Structure formats: structure tokens, C-alpha cells
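A structural walkthrough
If you want the building blocks of each chain, they are given just below.
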Amino acid sequence: MNRRKITLISCFLLSMAALFACTPAQKKESANDLIVAQKKESANVGQVALKSWKEIDYRLPNVPHRQQVQSLSQQFPGVVIYKGNSHLKRVALTFDDGPDNYYTPRILDILRAKGVPGTFFMVGKQAKSFPDMVRRIVEEGNAIGNHSWDHPKLWTLTKEQVTQEIVSTENEIQRITGRRSKLFRPPYGRVNPAEVVLIHNLGYRIIDWSVDTLDWKGTPAPTILQSVNKEVSPGGIILEHCLAGRPGELNGTLQALPQIIDHLRAKGYKFVTVPTLIGQ
Ligand SMILES: [Zn+2]
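These lines cover the structure that appears in this document, whether it is placed above or below. (Residues numbered from 1 in each chain as written. Predicted model: local features only at pLDDT ≥ 70, side-chain atom pairs only at ≥ 80, totals over all residues.)

**A look at the overall build of the protein chain**
- In terms of helices and strands, the protein chain carries ten helices and nine strands.
- The buried share of the protein chain, reckoned over its 280 residues, is 36%. (Helix = DSSP H or I, 4+ residues; strand = E, 2+ residues; numbered from the N terminus. Buried ≥ 20, exposed ≤ 12 C-beta atoms within 10 Å, placed from the backbone.)

Structure representation (C-alpha cells):
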């Protein structure tokens, strides 16, 4: 055997040794990867099966709220509404999360003094705590809507829990006022198609908004006024609040409200309730 042959055989043997040395490890790694991938896949499938009606991808926080609502209103025309008729110069003022016994009566005083109706989307437990305020809201010609029992993130709840949130609030409203609401505003304005179907089957239209004052952040009156003037258009639904998370939080709302009314009236707008705005 010459030197060349020996070298070739040595190389061949070394290559085979290297191949056998590596292959099982690689195979093992690949198999592990596959098992992990399969486990991941089955976990995902399980999650989808569990939450299929929630349509997980819809909940991605980076999908802008307005974009979601506009797409839902196209998918469910007349059911998901964020604006009224854009050919009529009318707007609706809406107040969420109440009633309470501080901001709500002050807002009602302003509305009454200006001769303007509002629409109050009530949280059931607040209605239960302040039934007199609920009655006053109705007696003074304002409209009411359902805003869940305790303002949960609907996407964390089951169908049964979502139903319970709405039904218990409606029962409370009916117990106090003798009326039922046909409007529902989801907490945080967030719903997905499956929830829309569920809520509509309970007898509601879903009301969002076209102008967000962001008053709940403690926004000062001039900023609120500025955003209303900038964003308002015929058929607009303006979102404000009547329950403060911390003291003084809605002082901007109180200060801005008379000015909003005066400014929009000067522009030729008429104020109506949401049921009137959407022709209910
Ligand atoms: Zn709310």
C-alpha cells in the first residue's frame, strides 16, 4: 500500500468516524426541535380551541382602536356604530362609567342649563349605588345605555360572563327606571366580531365614538375643547366621562362642557341623544 492509498483510506475512515460521531447528535437535536415544535403547535391549537370565539389575533394591542371600530362597523352595518348620519349637522354628547354623586350631578346641571340632552353609558354597580342619579338622568330627558356591570376587559371573560355583565346591568337599570336600554358601549370600546354577534343577539346596538376627549386622563379644558373642535363632524359621537378615577380628574370635563356646547352651537350643530342620532 503506497502512501497515497494510506492517506486516502485514513481520510475516508476519519470522515466516516466524524459522520457517525455527528449524525446521532444532530438527529437528536432535530428530534428535540420537532418535539418542541409539536408541543408548541398543540399548545397553540389548544389555546385557539379554548378561545376560538375571542379571535386572539384581534386583541393585538398594536391594532389602533379606531381602525378596529371602523372595520367592525363595515362588517356589521347598523349594529356597530361610531357615528350618525353625516348629512345632518347633529352631534351627541356621551358620558361613561357613572353615575356618581359628584361629577354626574354637575354635568346634569350644565346640560339642563344649556337645554342639551346627553347619553349616559352606565356601569351597573354605579347605577346600583346611585339610583337617584339614574332617575334624574332619565327624568331630565337624557338617554341611557349599558356599559357593563363593573367595567371588565371583555376579552378576559367567557361568553357567559360577558352575558352576565350586560344582563345584570340591564336588570338594574330596569329596576330603577322601568326602562330597558338598547345600546351597549363596551368598556374601553373594545369588542371583536364574536362579541358583536353575542351582544347583538342580546338585543343591543354597539355604540362607539368618533371624538375622544381623553378627559379621563385629567386632560385640561382647553385641550378637550381643541380636540373636539378638531375632530367633530356632522353625526359625531363625543366621548366623555362622569366618574373620576381620582379626585379632580374630570374637572377639565366640567370646565370644557359649556364651551363645547357654545362652540358647536355657533358652528350650527344641534345636540341630540344617541338614540335620536342613530334613528332609534
Ligand atoms: Zn368606560
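Additional details are given in the paragraphs that follow.
**Remarks on the nonpolar core**
- In terms of nonpolar packing, the biggest core is built from 58 residues, with Met-122, Ile-206, Ile-237 and Ile-238 touching the most fellow members.
- Here this core gets five residues from one element, more than from any other, and that element is helix 9 (residues 251-266).
- What Ile-237 contacts, discounting residues up to four positions off in sequence, is Tyr-82, Lys-83, Ala-92, Thr-94, Ile-207, Trp-209, Ser-210, Val-211, Val-274 and Leu-277. (Core = buried A, V, L, I, M, F, W, Y, C linked by C-beta atoms within 7 Å. Contact = placed C-beta atoms within 7 Å.)

**Re the packing of helix 3 (residues 103-114) against helix 9**
- Where helix 3 contacts helix 9, the axes come no closer than 10 Å and their chain directions differ by 20°. What the angle tells us is that helix 3 and helix 9 run roughly parallel. Seen along the crossing, helix 3 lies across helix 9 with a hand that is right-handed. Along its contact with helix 3, which presents Tyr-103, Arg-106, Ile-107, Ile-110 and Lys-114, the element helix 9 presents Leu-254, Leu-257, Pro-258 and Ile-261.
- Of the residues that constitute the contact of helix 3 with helix 9, the class distribution is seven nonpolar, no polar and two charged. (Axes fitted to C-alpha atoms, helices over the stretch in contact; angles between N-to-C directions. Parallel < 35°, antiparallel > 145°, perpendicular 65-115°, else oblique. Left-handed = near helix turned anticlockwise from the far one by under 90°. Nonpolar A, V, L, I, M, F, W, Y, C, P; charged D, E, K, R; others polar.)

**A few points about helix 3**
- Its twelve residues place the ends of helix 3 17 Å apart at the C-alpha level, agreeing with the 16 Å of an ideal helix rising 1.5 Å per residue.
- Of the positions making up helix 3, those classed as buried are Tyr-103, Thr-104, Ile-107, Leu-108 and Leu-111. Down the axis of helix 3, the smallest arc covering the buried residues is 130°, so these residues share one side.
- Looking at the packing, one finds that the buried side of helix 3 touches strand 2 (90-96), strand 3 (118-122), helix 5 (131-139) and helix 9.
- Trailing helix 3 by a residue or two, Gly-115 shows a phi angle of about 70°, which is positive. (Expected span 1.5 Å × (residues − 1). Arc of directions from axis to C-beta.)

Bear in mind that shape data such as this cannot, by itself, settle questions of function.
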